[in-house]
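Topology and contacts: notes
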Amino acid sequence: QVQLVETGGGSVQPGESLTLSCTASEGILGIDNMAWYRQAPGKQRELVASITYGEVKKYTNSVKGRFTISRDNAKSTVWLQMNSLKPEDTAVYYCNADLQPISGEGYSNWWGRGTQVAVSS
């Protein structure tokens, strides 16, 4: 069964760092675009960062210079390195990817279950 599994969330103080990881399970033929979204309480889900298969990266303005997205295609994994965390970064972070299941279907969009990041003093 195709899954995106996130790890690395937690509770930190302002200014500290966290690294989120997301790995696609077995059962896929290919991975295209990968991204991290987040959803804070009472707010809409927003795109944080994205990376294409060829490693073209985009970031939302509020995280530029602090967050770095990267991927390893051989490991079907995408990371989000988060530095200088702020209380406003508190949210559930979701992995998102365009995957091609081994079942023979074309590419479709998949979501992970999310991992909580809490930043407070």
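Residues numbered from 1 in each chain as written. Predicted model: local features only at pLDDT ≥ 70, side-chain atom pairs only at ≥ 80, totals over all residues. Heavy atoms only, no water.

So, about the nonpolar core. Trp-36, Leu-80, Met-82 and Tyr-93 are the most contacted members of the largest nonpolar core, which has 29 residues in total. Looking at this core, the elements that each hand over two or more residues are strand E3 (18-24), strand E4 (28-39), strand E5 (46-51), strand E7 (67-72), strand E8 (77-82), strand E9 (91-101) and strand E11 (115-119). Examining the composition of this core, we find that five residues originate from one element, E9, more than from any other. The contacts of Leu-80, once residues within four sequence positions are left out, are Leu-18, Thr-19, Leu-20, Trp-36, Val-48, Ala-49, Phe-67, Thr-68, Ile-69 and Tyr-93. (Core = buried A, V, L, I, M, F, W, Y, C linked by side-chain atoms within 4.5 Å. Buried < 20%, exposed > 50% of the residue type's maximum accessible area, 1.4 Å probe, protein only. Helix = DSSP H or I, 4+ residues; strand = E, 2+ residues; numbered from the N terminus. Contact = heavy atoms within 4.5 Å.)

Right, let's get into the sheet that holds E3. With respect to topology, four strands assemble into an open sheet ordered E1-E3-E8-E7, the strand pairing being antiparallel. Strands at the two margins of the open sheet, each flanked by one partner only, are strand E1 (4-7) and E7. Shown here is a sheet whose adjacent strand axes are inclined to one another by a mean of 15°, direction ignored. Bridge analysis of E7 against E8 gives six bridges, and the strand direction is antiparallel. What sits directly across from Thr-68, in E8, is Gln-81. (Pairing = 2+ DSSP bridges. Axes fitted to C-alpha atoms, helices over the stretch in contact; angles between N-to-C directions.)

Under the defined criterion, the tally for this structure stands at one disulfide. With its sulfur 2.1 Å from that of its partner, Cys-22 forms a disulfide with Cys-95. Disulfide Cys-22-Cys-95: the torsion about the S-S bond is -80°, which places it as left-handed. Taken as a pair, Cys-22 in strand E3 and Cys-95 in strand E9 lie far apart in primary sequence, 73 residues in all. The exposure classification of Cys-22 matches that of Cys-95, with both residues buried. (Disulfide = S-S within 2.5 Å.)

Moving on, we get to the pairing of E5. As paired strands, E4 and E5 are joined by five bridges and run antiparallel to one another. Note on E5: the bridge partner recorded for Tyr-37 is Leu-47. The turn joining E4 and E5, which pair antiparallel and follow one another in sequence, is formed by six residues; a positive phi near 80° is taken by Gly-42. Two elements, E5 and strand E6 (residues 57-59), share three bridges in a ladder whose sense is antiparallel. Along E6, the bridge assignment pairs Ile-51 with Lys-57. Where E5 hands over to E6, the hairpin turn is made up of five residues, of which Glu-55 adopts a positive phi near 70°.

As enumerated under the stated definition, the model contains two aromatic pairs in all. Centroid distance Tyr-94 to Trp-111: 6.4 Å. Interplanar angle 85°. Geometry classified as edge-to-face. Note that Tyr-94 is positioned in strand E9 and Trp-111 in strand E10 (residues 108-111), a separation of 17 residues in sequence. Grouped by ring-pair contacts, the aromatic residues Tyr-37, Tyr-94 and Trp-111 constitute a single cluster. The positively charged end of Arg-45 is found above the aromatic ring belonging to Tyr-94, 3.7 Å away from the centroid. Positioned over the ring face of Trp-111 is Arg-45, at 4.6 Å from the centre of the ring. (Phe/Tyr/Trp six-rings, centres within 6.5 Å; stacked < 30°, edge-to-face > 60°. Lys NZ or Arg CZ within 6 Å of the ring centre and 35° of its normal.)

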